[in-house]
Amino acid sequence: MLERLSVLHGRISARYVRGFGAAVVAVAALVTAANAGPARAAQQEPVRHVQGVPAHHGSTR
């Protein structure tokens, strides 16, 4: 009960300061994560698709 009175006299207890600090850090982390772009590969390689061999290649018909 005395801790509540200290707020009325202009003093904030250390518990409230730590809680407020933790909330600020959590909001900053969420904002940073929301603004981060998608991860990209370090080096892009050409896309290689495996396709069937056309009928005129290697056919003995």
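Because the structure is predicted, anything quoted here is derived from the model rather than measured.

Caption draft 1: Just the overall build of the protein, in detail. Within the protein, the regular secondary structure consists of 2 helices and 0 strands. Here the protein holds 61 residues, and 3% of them are scored as buried. Working note: accessible area of the protein is about 6,400 Å², and carbon and sulfur atoms make up 61% of it.

Caption draft 2: Main features of a nonpolar patch on the surface. The grouping of Ile12, Tyr16 and Val17 at the surface amounts to a nonpolar patch, some 310 Å² of accessible area in total. Inspection of the secondary structure assignment puts Val17 in helix α2 (residues 14-35).

Conventions we followed
Residues numbered from 1 in each chain as written. Predicted model: local features only at pLDDT ≥ 70, side-chain atom pairs only at ≥ 80, totals over all residues. Heavy atoms only, no water. Helix = DSSP H or I, 4+ residues; strand = E, 2+ residues; numbered from the N terminus. Buried < 20%, exposed > 50% of the residue type's maximum accessible area, 1.4 Å probe, protein only. Areas by Shrake-Rupley, 256 points an atom, 1.4 Å probe, with all protein chains shown as cover. Patch = residues over 30% accessible without salt bridge, like charges linked within 9 Å, V, L, I, M, F, W, Y side chains within 5 Å. Salt bridge = Lys/Arg side-chain N within 4 Å of Asp/Glu carboxyl O.

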